[in-house]
Amino acid sequence: MTTADSTLEWWKTAVVYQIYPRSFQDTTGNGTGDLNGITERLAYLSDTLGVDAVWISPFYTSPMADFGYDVADYCDVDPVFGSLNDFDRLLAEAHRRDLKVIVDWVPNHSSDLHRWFVESRSSLTSPKRDWYVWQDAKIDGSVPNNWQSMFGGSAWTFDETTSQYYLHSFLPEQPDLNWRNADLKAAMFDTLRFWLDRGVDGFRIDVAHFIMKDPDFTDNPLAAAPTDGIEFRSFGGYDKWDHIHAKGHADVHAVFRDLRSVLDEYSGDRFSVGEIHIFNWDEWASYYGDGDELHMPFNFSLVWSDWSAAEIRRRVEGLEAALPTHGWPNHVFGNHDEQRLATRYGHRNARAAAVLLLTLRGQPTMYYGDEIGLPETDVPPERRQDPWEFRVPGMSRDGCRTPMPWTAAPGHGFSDPGTEPWLPFGEDAGRRNVEAQLSDPASILNLYRQLLQIRGTRSSLHKGSIEFIDDLPDGVLGFVRADADERTIVLVNFTEETKRTSTPDEFTLLISTDQQRSGIGPGVIRLGPNEALAIDPGPSAG
Ligand code: GLC
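Note that the structure is a prediction, hence the values are computed from the model and not measured. Every chain's residues receive numbers from 1 upward, in the order its sequence appears when written. The predicted origin of the model limits local features to residues at a pLDDT of at least 70 and limits the giving and counting of side-chain atom pairs to 80 or more, whereas totals for whole chains, interfaces and linings rest on all residues. Side-chain descriptors were evaluated using all non-hydrogen atoms of the structure, hydrogens and water having been removed beforehand.

**Q** Explain the sheet that holds strand S20 (residues 532-536) to me, using residue names and the numbers behind them.
**A** With antiparallel pairing, the five strands of this open sheet are ordered in space as S14-S15-S16-S20-S18. The sheet is open, and its two edges are formed by strand S14 (465-468) and strand S18 (508-512), each paired on a single side. Averaged over all neighbouring strand pairs, the angle between strand axes comes to 25°, with direction disregarded. Strand pairing requires that DSSP identify at least two bridges connecting the strands. The helix count covers DSSP runs of H or I at least four residues long, the strand count covers runs of E at least two residues long, and both are numbered beginning at the N terminus. The pairing of strand S16 (residues 487-493) with S20 spans four bridges and is antiparallel. The residue bridging Val-492 from the neighbouring strand is Ala-532, located in S20. In this analysis, axes come from line fits to C-alpha atoms, helices being fitted only over the stretch in contact, and the angle between any two N-to-C directions falls in the range 0 to 180 degrees.

**Q** Describe in detail the site of the ligand, supporting the description with residues and values.
**A** Nearness here has a simple test: a residue counts as near a molecule or strand if at least one of its heavy atoms is within 4 Å of that partner. Looking at the ligand, there are 14 residues lining it, with Asp-66, His-109, Asp-206, Glu-275 and Asp-337 nearest. Glu-275 is positioned such that a nitrogen or oxygen atom in its side chain is 2.8 Å from an oxygen atom of the ligand. Definition of a polar contact: a pair of N or O atoms within 3.5 Å, with one able to donate and the other able to accept a hydrogen when the atoms are protein atoms, and with sequence-neighbouring residues admitted only if both atoms are side-chain atoms. Asp-337 is positioned such that a nitrogen or oxygen atom in its side chain is 2.5 Å from an oxygen atom of the ligand. Here the open area of atoms and residues is found with the Shrake-Rupley method and a 1.4 Å probe, where only the protein chains shown may cover a residue. Notes on the ligand: free accessible area 310 Å², of which the protein chains cover 96%. Asp, Glu, Lys and Arg are counted as charged, while Ala, Val, Leu, Ile, Met, Phe, Trp, Tyr, Cys and Pro are counted as nonpolar; the rest, among them Gly, fall into the polar class. Here the residues of the shell around the ligand sort into four nonpolar, three polar and seven charged.

**Q** How would you summarise helix H3 (residues 42-49) if you had to cite specific residues and measurements?
**A** Listed in full, the buried residues belonging to H3 are Leu-42, Tyr-44, Leu-45, Ser-46 and Leu-49. Where H3 ends, the next residue or the one after it, Gly-50, has phi of about 100°, a positive value. For the exposure calls, accessible area comes from a 1.4 Å probe over protein chains only, and a residue counts as buried if that area is under 20% of its type's maximum, exposed if over 50%, partly exposed in between.

**Q** Break down the environment of Arg-340 for me, citing the residues and quoting the values.
**A** Along the polypeptide, Arg-340 turns up in the loop between strand S12 (330-332) and helix H10 (341-344). Under the relative-accessibility criterion, Arg-340 is labelled buried at 1%. Along the sequence, Arg-340 and Leu-527 sit 187 residues apart, while their C-alpha atoms lie 26 Å from each other. Setting aside residues up to four positions removed in sequence, Arg-340 forms contacts with Tyr-367, Tyr-368, Gly-369, Asp-370, Leu-374, Pro-375, Glu-376, Gly-399 and Cys-400. Side chain to side chain, Arg-340 and Asp-370 meet in a polar contact 3.0 Å long. Polar contacts involving the side chain of Arg-340 include one to the main-chain carbonyl oxygen of Cys-400, which spans 3.4 Å. Should any heavy atoms of two residues lie within 4.5 Å, those residues are considered in contact.

**Q** Which residues make up the pairing of strand S10 (residues 271-274), and what values do they have?
**A** Here S10 shows no split at all, with Phe-271 and Val-273 on one side and Ser-272 and Gly-274 on the other all buried. As paired elements, strand S9 (residues 202-205) and S10 share four bridges and run parallel to each other. The residue bridging Phe-203 from the neighbouring strand is Ser-272, located in S10.

**Q** Any chance you could break down the pattern of salt bridges for me, citing the residues and the numbers?
**A** Oppositely charged side chains can form a pair if their charged atoms are brought close together. Here, a salt bridge means any Lys or Arg side-chain nitrogen found within 4 Å of an Asp or Glu carboxyl oxygen. Throughout the structure, instances matching the rule amount to 36 salt bridges. The partner of Asp-337 in a salt bridge is Arg-397, and the shortest N-O contact between them spans 3.1 Å. Of the two residues, Asp-337 sits in the loop between S12 and H10 while Arg-397 sits in the loop between helix H12 (387-391) and helix H13 (434-438), which places them 60 residues apart along the sequence. A single burial state applies to Asp-337 and to Arg-397, both of which are buried. When the shortest N-O distance is used, the salt bridge between Arg-348 and Glu-496 registers 3.9 Å. One end of the pair, Arg-348, is in helix H11 (residues 347-359); the other, Glu-496, is in the loop between S16 and strand S17 (499-502), and 148 residues separate them in sequence. Overall, Arg-348 belongs to the partly exposed group, its relative accessible area being 46%.

**Q** Kindly report on the packing of aromatic side chains, identifying the contributing residues and their values.
**A** Ring pairs shown here join Phe, Tyr and Trp side chains whose ring centres sit within 6.5 Å, with only the six-membered ring taken for Trp; geometry is labelled stacked below 30 degrees between planes, edge-to-face above 60, and tilted in between. As enumerated under the stated definition, the model contains 44 aromatic pairs in all. With centroids separated by 5.3 Å and ring planes inclined at 25°, the aromatic side chains of Trp-11 and Phe-271 adopt a geometry described as stacked. Placement of the pair is Trp-11 in helix H1 (residues 10-13) and Phe-271 in strand S10, with a sequence separation of 260 residues. To sit over a ring, a charge needs its Lys NZ or Arg CZ within 6 Å of the ring centre and within 35 degrees of the ring normal. Its end group placed over the ring of Tyr-368, Arg-340 keeps NZ or CZ at 4.7 Å from the ring centre.

**Q** Can you explain the side chain of Arg-455? Please cite residues and give values.
**A** Topologically, Arg-455 is positioned in helix H14 (residues 444-457). A distance of 3.1 Å separates a polar atom in the side chain of Arg-455 from the backbone oxygen of Thr-13.

**Q** Before we move on, can you summarise the nonpolar core with the specific residues and values?
**A** Definition of nonpolar core: a set of buried residues of the types Ala, Val, Leu, Ile, Met, Phe, Trp, Tyr and Cys, connected through side-chain atoms within 4.5 Å. Judged by nonpolar contacts, the single largest core of 151 residues is most densely connected at Tyr-17 and Leu-45. Not counting chain neighbours up to four residues away, the residues in contact with Leu-45 comprise Tyr-17, Ile-19, Phe-24, Gly-50, Val-51, Val-54 and Leu-99. In this structure, Val-476, Leu-491, Ile-525 and Ile-535 belong to the second largest nonpolar core, which totals ten residues.

This is how it looks when you write it as structure tokens:
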């Protein structure tokens, strides 16, 4: 846990842990995780692991077309996850343990079964008609424009009842809400207040930049090769267009200024982080506003990078250069939409990534299971669940959403022994599980625990400045974190070879990805293949 610092808002120094609730802990024996399961595991999160906050992916009433990102009631809990009472108990227990709770908020679209949409689609004159985005067909009957759904195909679906098309940036079961309608906006802000009143500490805002589109519905141009910013992964056929008119319209900033005012109605530094897949740094940074919009847009630049010292440095420096003076950085290496970190970068590099995540400047967000190095699970075709895969083969996110293996026993401590979980466990769950790793001093779980402990107590790491070190061997990344009281030097060898680099004459090794390393002498450090370490150079280091 991070030592509290009364001069900084809690979210600046906190380490956040993302929970995908279907896969964390099942207490009802139905093979799907639930809120009571999260409550049961809070001791693991606060005491065993030592994180400061949890972000829980959606648990609201939902037909689960997109596993909860299709919300049918923003102010209730889906029975599969429990009840509002269960949520209140979770929140109280978390707060008793000094854990903050961030909930997901899905403002771009609701479920098509939300009563607002049912009413909206019922007639052209429905008072809720304008709460969603409706357009006439073109003269020839075709779709209003060329906007595409991220999950494949046109973003428009024809509705027989009123003979108009409605917009859905994702599934047809996820109609886009119309944020240009003042009543819709007020109603959505009330859903924030509903959770703020219950005491939540913040919101992760789903596809935050999507909520404002071009009011003239201009066709999108074909995509040109990216000329600036950074590369991310492919989103299949969706990449063919540059979606400039279908999201991120400049009017979005006024909405986030108003949203910030809603948060500021409450005491306790209520926090917002937006899921913003924008890889042009200046545009990305505009979501901080003048310190009056989102507290942070998520920084996804390290999720899909070349695993090289030069490229990681370029991305971190890009972020640091783009940050407004009032902006606080953040880093993330995975989430419920991305291939697992241990598979993407490899098991050894996943350890170095742990060191980077918890020593770079800014708020880190961990993804459940990464602390035990869970790889992507190979989900056989007959067990697949992700609707994206059904519409665009190859896009499945199931492999990163499989249940958390807590023990080696049947059911892996996640669910009842005889229950088939909603997604299968990985093949190695028998040996790669929390219990097994806790008893292995060299496990990645123990690496994370030590890192969290060191980060929590070293002020240079949780609030200090960052400066890269220049004259290092090829393939080695190094930086100094410093504040008025102390310094920490971090060195990461991105290569498969041993590297030597000079160090201060006296220093203390704080941590290494090689938990059994020995032979660290003054003046020089030998970095093993893929090794990452942190040292305390003492107060006099220059
Ligand atoms: C976000 C979520 C993703 C979801 C999509 C539509 O990208 O992270 O899981 O499918 O929005 O809501």
